Amino acid sequence: MAFSYQQLVTHSGGLKPYLKAPAWVVAVSGGLDSMCLLHALVKLQESQPCPPLRVMHINHNLQLKADQWQQNVEKKCQQYDLACMSYKVTLCPLEQRQLGVEATARNARYDIFKQHVQVGEVLLLGQHADDQSETLFLRLLRGAGVAGLRAMPQQRKLGLGCLVRPLLHVRKTDLFAYAQTCDLTWNEDPSNQNHDFDRNYLRHQVMPLLRQRWP
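Predicted model only: the values in this text are computed from it and were never measured.

### Regarding the environment of Asn194
Moving on, step 1. Positionally, Asn194 belongs in the loop between helix H6 (172–181) and helix H7 (198–213).
Moving on, step 2. Between the C-alpha atoms of Asn194 and Val55, which are 139 residues apart in sequence, the distance is 28 Å.

### Digging into the pattern of salt bridges
Moving on, step 1. In this structure the tally under the stated criterion is 9 salt bridges.
Moving on, step 2. Ionic pairing is found between Glu134 and Arg199, a salt bridge with its closest N-O pair at 3.2 Å. With a gap of 65 residues between them, Glu134 in helix H5 (residues 129–141) and Arg199 in helix H7 connect regions that are remote in the sequence.
Moving on, step 3. Taking the relative accessible area as the measure of exposure, Glu134 reaches 2% and is therefore buried.
Moving on, step 4. A salt bridge links Glu134 to Arg203, with the shortest nitrogen-to-oxygen separation between them at 3.0 Å.

### Side note on unusual backbone geometry
Moving on, step 1. The phi angle at Asp81 is positive, at roughly 60°, despite the residue not being glycine.
Moving on, step 2. Among the structural elements, Asp81 can be located in the loop between helix H2 (66–80) and strand S3 (83–88).
Moving on, step 3. Within the chain, Asp183 stands out as a residue other than glycine whose phi angle is a positive 60°.
Moving on, step 4. Along the chain, Asp183 falls in the loop between H6 and H7.

### Notes on the sheet that holds strand S5 (residues 155–158)
Within a sheet, each strand pairs with its neighbour through backbone hydrogen bonds, oriented either parallel or antiparallel.
Moving on, step 1. One open sheet holds the 6 strands; their spatial order is S3-S2-S1-S4-S6-S5, and the pairing between them is mixed. Either end of the sheet is taken by a strand with one partner, and the two such strands are S3 and S5. Mean inter-strand twist for the sheet, computed between neighbouring axes without regard to direction, equals 25°.
Moving on, step 2. Taken together, the 4 bridges between S5 and strand S6 (residues 161–164) define a ladder with antiparallel strand orientation. Residue pairing across strands places Arg156 opposite Leu163, the latter belonging to S6.

### Considering the side chain of His128
Moving on, step 1. Along the chain, His128 turns up in the loop between strand S4 (122–124) and H5.
Moving on, step 2. By relative accessible area, which is 2% here, His128 ends up buried.
Moving on, step 3. In terms of polar contacts, His128 uses its side chain to reach the side chain of Asp33, at 3.4 Å.

### Some thoughts on a nonpolar patch on the surface
Moving on, step 1. A cluster of nonpolar residues, Leu140, Val146 and Leu149, forms a patch on the protein surface that exposes about 310 Å² of accessible area.
Moving on, step 2. Structurally, Leu149 is set in the loop between H5 and S5.
Moving on, step 3. Residue classification places Leu149 among the exposed positions, given a relative accessible area of 53%.

### Section: the packing of H5 against H7
For any two helices packed against each other, the geometry comes down to the angle between their axes and how far apart the axes lie.
Moving on, step 1. Look at H5 against H7: their axes get within 10 Å of each other, and the N-to-C directions meet at 105°. Classified by the angle between their axes, H5 and H7 sit roughly perpendicular to one another. For the pair formed by H5 and H7, the contact residues are Asp130, Asp131, Ser133, Glu134, Thr135, Phe137 and Leu138 on the first element and Asp198, Arg199, Leu202, Arg203, Met207, Leu210 and Arg211 on the second.
Moving on, step 2. A class-by-class count of the residues in the contact of H5 with H7 yields 5 nonpolar, 2 polar and 7 charged.

### Quick notes on the packing of aromatic side chains
Moving on, step 1. Tallied over the entire structure, the rule returns 3 aromatic pairs.
Moving on, step 2. Judged by centre distance (5.0 Å) and plane angle (65°), the ring pair of Phe3 and Tyr178 falls under edge-to-face. Remark: Tyr178 occurs in helix H6 and Phe3 occurs in the segment before strand S1 (24–27); sequence separation between them is 175 residues.
Moving on, step 3. With relative accessibility at 7%, the residue Phe3 sits in the buried group.
Moving on, step 4. Tyr178 sits in the buried class, given a relative accessible area of 7%.
Moving on, step 5. Arranged with centres 5.9 Å apart and planes meeting at 80°, the rings of Phe176 and Trp186 form a pair that is edge-to-face. With Phe176 in helix H6 and Trp186 in the loop between H6 and H7, the pair connects residues that are 10 residues apart, well separated along the chain.
Moving on, step 6. For Phe176, a relative accessible area of 38% translates into the label partly exposed.

Calculation criteria
- Residues numbered from 1 in each chain as written.
- Predicted model: local features only at pLDDT ≥ 70, side-chain atom pairs only at ≥ 80, totals over all residues.
- Heavy atoms only, no water.
- Helix = DSSP H or I, 4+ residues; strand = E, 2+ residues; numbered from the N terminus.
- Salt bridge = Lys/Arg side-chain N within 4 Å of Asp/Glu carboxyl O.
- Buried < 20%, exposed > 50% of the residue type's maximum accessible area, 1.4 Å probe, protein only.
- Pairing = 2+ DSSP bridges.
- Axes fitted to C-alpha atoms, helices over the stretch in contact; angles between N-to-C directions.
- Polar contact = N/O pair within 3.5 Å; in protein donor to acceptor, adjacent residues only side chain to side chain.
- Patch = residues over 30% accessible without salt bridge, like charges linked within 9 Å, V, L, I, M, F, W, Y side chains within 5 Å.
- Areas by Shrake-Rupley, 256 points an atom, 1.4 Å probe, with all protein chains shown as cover.
- Parallel < 35°, antiparallel > 145°, perpendicular 65-115°, else oblique.
- Contact = heavy atoms within 4.5 Å.
- Nonpolar A, V, L, I, M, F, W, Y, C, P; charged D, E, K, R; others polar.
- Phe/Tyr/Trp six-rings, centres within 6.5 Å; stacked < 30°, edge-to-face > 60°.

Structure (structure tokens):
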């Protein structure tokens, strides 16, 4: 089913209960998923009353183009007339050796989120249905058991506010089609092609085979 901004306030999107929140804070990396979410939220605000919207960008300093990606997000926010808060983080080398780059970067992101999401505010993330499938498999492969079957919750508490993932019902192919239709641009992270990372190996090597069998 084609994605549209109206889906954000359906049962699947999950934002309807939060229309009276003090603010929505959308985390924007600059990639396809978050740029689609940002655009859809702007369109939703144009069509109906919504909480004030602001953007949060986390610069992990992991790629040569990280500063350029930050500037791209900030420029897009200027075009949308939205406040954008950008934060640069330095990952702990010891934590990277113990947990890996992905987990360390995630921990750094969530530390920033918790610090800057205020009472009752809603943090919005752009993770989609394909991300959910990958997370499920990764957790099961790591022995998560029954608890792992839940994968990523659509909503949960986060610090003084809460976190909502309004795109968990949307396939990445539908987001790509939405981006093309709306003439959106986004940043391509070259590390997404590195099969040394478990998620990327699953995404590029395993999931295509599964979809051939069970589309």
